[in-house]
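# Topology and contacts: notes
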Amino acid sequence: SQKIEQNSEALNIQEGKTATLTCNYTNYSPAYLQWYRQDPGRGPVFLLLIRENEKEKRKERLKVTFDTTLKQSLFHITASQPADSATYLCALAGTYKYIFGTGTRLKVLA
Amino acid sequence: EAGVAQSPRYKIIEKRQSVAFWCNPISGHATLYWYQQILGQGPKLLIQFQNNGVVDDSQLPKDRFSAERLKGVDSTLKIQPAKLEDSAVYLCASSLDRIFKDTQYFGPGTRLTVL
């Protein structure tokens, strides 16, 4: 069955450093991969989308890579700030179906 | 632009009781989704509507869950009867269309506790 893995352990990093979050998947060939941010008590908020034929996408301090051979996406936040502390979810999309990962909780320490 | 509205925000019920959640999507959005998010997990798609038709309800426990989207706008999700394992946050999302490049906009969710 389809499986998405994100690091379930929280990631703590120092302010100003680059945070790198991983999303691995198996038994799936997504057409798109999306990253969302979720704060406690709120719904997810869309951040970035990358297509299967794209290697990298950037938006301000965010960068996403997508390696369909490794079946992996990396999500980077450069010059991280305490305000970036949240849970980050990856979602795979294909055949009109979305599948979300469990999310990785990021804490940026001041 | 107004976001996705959901109500109630919180609900506590006893097992075997019934409960209903309401969602009002962003105006003009054809696609509406209901997700279940159990604590510590990612959202799990329960049902997806395109206008007032069901696109995917493969993960909806149809023996106890039902959903409708009358007139292709508002939607309600019902659980009858509720079980302890239904305790979760129920998220509603909408998008312009079901094309995957379309962003999903999520509501704040309804936190359900079943005692």
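Look up: the structure comes first, before these words.
Since the structure is predicted, the reported quantities are computational estimates derived from the model, not experimental observations. (Residues numbered from 1 in each chain as written. Chains lettered and ligands numbered in written order. Predicted model: local features only at pLDDT ≥ 70, side-chain atom pairs only at ≥ 80, totals over all residues. Heavy atoms only, no water.)

## Overview of the overall build of chain A
- Check the secondary structure of chain A and you find zero helices and 11 strands.
- Reading chain A from its N terminus to its C terminus gives the helix and strand order β-β-β-β-β-β-β-β-β-β-β.
- On C-alpha atoms alone, chain A measures out to a radius of gyration of 13 Å, which is about the 13 Å that the 2.2 N^0.38 rule sets for 110 residues.
- Dimensions along the principal axes, computed over C-alpha positions, put chain A at roughly 40 × 30 × 20 Å.
- Buried positions account for 45% of the 110 residues belonging to chain A.
- Within chain A, counting contacts between residues at least 6 apart in sequence, those at least 24 apart form 54% of the total.
- Accessible surface computed for chain A: about 5,700 Å², of which carbon and sulfur atoms make up 47%.
- Side-chain charges of chain A comprise 15 positive and 10 negative groups, with the mean position of each set lying 2 Å from the other. (Helix = DSSP H or I, 4+ residues; strand = E, 2+ residues; numbered from the N terminus. Rg over C-alpha atoms; globule rule 2.2 N^0.38 Å. Buried < 20%, exposed > 50% of the residue type's maximum accessible area, 1.4 Å probe, protein only. Contact = heavy atoms within 4.5 Å. Areas by Shrake-Rupley, 256 points an atom, 1.4 Å probe, with all protein chains shown as cover. Lys, Arg positive; Asp, Glu negative; His and termini not counted. Charge placed at Lys NZ, Arg CZ, Asp CG, Glu CD.)

## A closer look at the interface of chain A and chain B
- Counting from both sides, the interface comprises 21 residues of chain A and, opposite them, 23 residues of chain B.
- Together, the buried faces of chain A and chain B total about 1,700 Å²; carbon and sulfur atoms form 56% of this surface.
- Run the count over chain A and chain B and you get zero salt bridges.
- For the pair chain A and chain B, the number of links is two residue pairs in polar contact (both at pLDDT 80 or more).
- Broken down by secondary-structure element, the contributors of at least two residues to the side of chain A that touches chain B are β4 (32-38), β5 (45-51), β9 (86-94) and β10 (97-100) of chain A.
- For the side of chain A that touches chain B, the class distribution of residues is 10 nonpolar, eight polar and three charged. (Buried area = accessible area lost by both parts, 1.4 Å probe. Salt bridge = Lys/Arg side-chain N within 4 Å of Asp/Glu carboxyl O. Polar contact = N/O pair within 3.5 Å; in protein donor to acceptor, adjacent residues only side chain to side chain. Nonpolar A, V, L, I, M, F, W, Y, C, P; charged D, E, K, R; others polar.)

## Let's talk about the state of the cysteines
- Summed over the entire model, instances satisfying the criterion amount to two disulfides over all chains.
- Covalently, C23(A) is tied to C90(A) through a disulfide, its sulfur atoms 2.0 Å apart. In this structure the cystine formed by C23(A) and C90(A) twists about its S-S bond by roughly 65°; its chirality is therefore right-handed. One end of the pair, C23(A), is in strand β3 (residues 19-26); the other, C90(A), is in strand β9, and 67 residues separate them in sequence.
- In this model C23(B) forms its disulfide with C92(B); the gap between the sulfur atoms is 1.9 Å. The sign of the -70° torsion about the S-S bond sets the C23(B)-C92(B) disulfide as left-handed. Separated by 69 residues along the polypeptide, C23(B) in strand β3 (residues 19-24) and C92(B) in strand β9 (residues 88-95) bring together distant segments of the chain. Taken individually, C23(B) and C92(B) each receive the classification buried, so the pair is uniform in this respect. (Disulfide = S-S within 2.5 Å.)

## Considering unusual backbone geometry
- The peptide bond linking S7(B) to P8(B) adopts the cis configuration, its omega dihedral lying at -10°.
- Within the secondary structure, P8(B) sits in the loop between β1 (5-7) and β2 (10-13).
- Going from Q80(B) to P81(B), the amide bond is cis rather than trans, its omega being -5°.
- The phi dihedral of K71(A) is positive, around 55°, even though this residue is not glycine.
- One can find K71(A) in the loop between β7 (62-67) and β8 (72-77).
- One non-glycine residue, K71(B), lies in the positive phi region at around 60°.
- With respect to the secondary-structure elements, K71(B) resides in the loop between β7 (65-68) and β8 (75-79).
- Of the residues examined, K71(B) reaches a relative accessible area of 79% and is grouped as exposed.

## Overview of the nonpolar core
- Of all hydrophobic cores here, the largest spans 24 residues; its most connected members are I4(A), L33(A), W35(A), F75(A), I77(A), Y88(A) and L106(A).
- Listing elements by their share of this core, those giving two or more residues are β3, β4, β5, β7, β8, β9 and β11 (104-109) of chain A.
- With 21 residues, the next largest nonpolar core counts I47(B), F49(B), A82(B) and L112(B) among its residues. (Core = buried A, V, L, I, M, F, W, Y, C linked by side-chain atoms within 4.5 Å.)

## Some words on the side chain of T65(A)
Residue and element names in this part refer to chain A.
- With respect to the helices and strands, the residue T65 is situated in strand β7.
- Residue classification places T65 among the buried residues on the basis of a relative accessible area of 18%.
- Non-local contacts of T65, meaning those with residues more than four positions away in its chain, are made with I50, K55, E56, Q72, S73 and L74.

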